[in-house]
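Coordinate inspection notes
For reference, the chains in residue letters:
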Amino acid sequence: VSRSRPYPVARLGIVGGGQLARMIVPEAARLGCETTVLDPTPESPGGVLAHRQLVGALDDAEALRALVEASDVTTFEIETVDTAILLELEAQGHRIVPSPSLLAVVQDKLLQKEKLHAAGIPTSPFQAVDAPDARTLADFGLPLVQKARRGGYDGRGVAVFKDVVVEERVLPVPSLVERFVDYRCELAVLVARGGGGEVRAWPAVEMVFDERANVLDLLLAPARIDAREAEEAHRVAVAAVEALDGVGVFGVELFLTRGGEVLVNEIAPRVHNSGHWTIEACRTNQFEQHVRAVVGLPLGEPLQHSAAAMVNLLGAEDAHGGVAIEGLDEALRQPGVAVHLYGKREVRPFRKMGHVTVTAEDRETAMALARAVSECVAIRGTEGA
Ligand code: ADP
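Being a predicted model, the structure only gives us computed values, none of them experimental. Residue positions are given per chain, counted from 1 along the sequence in the order it is written. With pLDDT at 70 or above as the cut-off, local features in this predicted model cover only qualifying residues; side-chain atom pairs require 80 or more to be listed or tallied, and sums for whole chains, interfaces and linings still use all residues. The basis for the side-chain values is all heavy atoms of the structure; hydrogens and waters are excluded.

1. A word on the overall build of the protein
Counting from the N terminus, the helices are DSSP H or I runs at least four residues long and the strands are E runs at least two residues long. Along its length, the protein carries 11 helices and 19 strands. Oriented by its inertia axes, the alpha-carbon framework of the protein measures out at about 60 × 55 × 45 Å. Burial classes follow relative accessibility: with a 1.4 Å probe on protein chains only, a residue under 20% of its type's maximum area counts as buried, one over 50% as exposed, and anything between as partly exposed. Evaluated residue by residue, the protein yields a buried proportion of 55% over its 385 residues. Any two residues whose heavy atoms approach within 4.5 Å at even a single point are treated as in contact. Partitioning the contacts of the protein with sequence separation of at least 6, the portion at a separation of at least 24 is 63%. Placing the 39 positive and 54 negative side-chain charges of the protein at their respective mean positions leaves the two points 3 Å apart. Neither His nor the chain ends contribute to the count of charged residues, in which Lys and Arg are positive and Asp and Glu negative. To locate a charge, take atom NZ for lysine, CZ for arginine, CG for aspartate or CD for glutamate.

2. Considering the environment of Thr123
Following the sequence through the fold, Thr123 ends up in the loop between α5 (109-118) and β5 (126-129). Each C-alpha atom, one on Thr123 and one on Glu242, is 15 Å from the other, the two residues being 119 residues apart in sequence.

3. What about the site of the ligand?
The environment of the ligand is formed by 14 residues, the closest being Lys109, Lys147, Glu178, Val181 and Glu186. Pairing of N or O atoms within 3.5 Å defines a polar contact, subject to two protein rules: one partner must be a possible hydrogen donor and the other a possible acceptor, and residues neighboring in sequence count only if both atoms are side-chain atoms. Within the side chain of Glu178, an N or O atom sits 2.6 Å from a nitrogen atom of the ligand. Between the ligand and the protein, one listed contact pairs a nitrogen atom with a backbone N or O atom of Val181 at 2.7 Å. Expressed as a share of its isolated accessible area of 550 Å², the protein-covered part of the ligand is 72%. Mapped by element, the contributors of at least two residues to the shell around the ligand are β6 (144-148), β8 (175-179), β9 (183-193), β13 (248-257) and β14 (262-268). Three categories are distinguished: nonpolar for Ala, Val, Leu, Ile, Met, Phe, Trp, Tyr, Cys and Pro, charged for Asp, Glu, Lys and Arg, and polar for the others, with Gly belonging to the last. When grouped by side-chain class, the residues that make up the shell around the ligand number 6 nonpolar, 1 polar and 7 charged. Whether a residue is near a molecule or strand is decided by its heavy atoms; if any one of them lies within 4 Å of it, the residue is near. Every accessible area reported is derived by Shrake-Rupley at a probe size of 1.4 Å, with residue values counting cover from the shown protein chains alone.

Below, the structure is given as structure tokens:
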């Protein structure tokens, strides 16, 4: 059935103006959508590209109201938003996708795991701990991982205890504890789901942890797993997003155990760092797909046409002040190297300043070049330590 669409096709609101918004905005524009970004910092990475930016805190009720009123549909690039305000705005008839009630579940690691578990999704065995102490954790048995239900404590949300529970390392906040997984590798599957329930997923990717210091997290697409494992990763990730009744793009982080089992670690209710490679290597990238899903357009074909490897460009460990990019010219001289800079004017140690995706005919070539690039590119600060 042919239907007619208005122009703009939709006015899209985005909560958060960071790098994810920066990559959503051009895809939305290409599909005929106008974007408004809400972010506390004027000229945010996404805000400078958007049709307009509202300056306001992400928990400011008036700012959120202004955003949803300026938009036909509002989505997120960050999940730590005040869901109470959003639930109220949704109840008043504003379209917010994915739904604030889904967000409320995902924000709380315990609620998220309970929901997945109830739907029969495989996860590491877990238990709620309201007031954690060494004794309670030891009773659960080692090795274990303690996770703060929300936000974390002193910037720490996860504590691993392998053979002894040290009281000082116990996070003193409502938590869950789960069995430590002796995994063969960490995988991620990006899943897109439309409002009508149609689902598309990209091939599973693998996080490679490199001994060499300056290669932090290298991502390989597709993962080095066999066909049965890939099929299982796909099945579990899709089932997880269906269990949440999610609409939009979701990053599903998975463990592949040494026994070949796939377990869900956690779900990000938004486009995800592990899907940036889809820009260069797939027919439809995660950002375009997210716009399609939340606006109500048909989903695109996620087909991967090139092998890819991705590395994040993080601020150097002593970087402060303005940005000094080393090695950019050398990186850009290499065929197949796509550099993305996020437009952040201030660098801090380990701040995500950009990423590089390398596409090649095969995965090993892409991986070797990505390593070389990440060794030659450094984001330093103009102020030093
Ligand atoms: P965050 O929200 O900080 O990303 P995660 O739950 O993803 O927290 O945990 C961070 C990292 O800790 C994971 O990427 C993984 O390497 C490790 N981890 C988390 N849970 C487990 C587990 N049950 N067993 C082993 N390692 C884990």
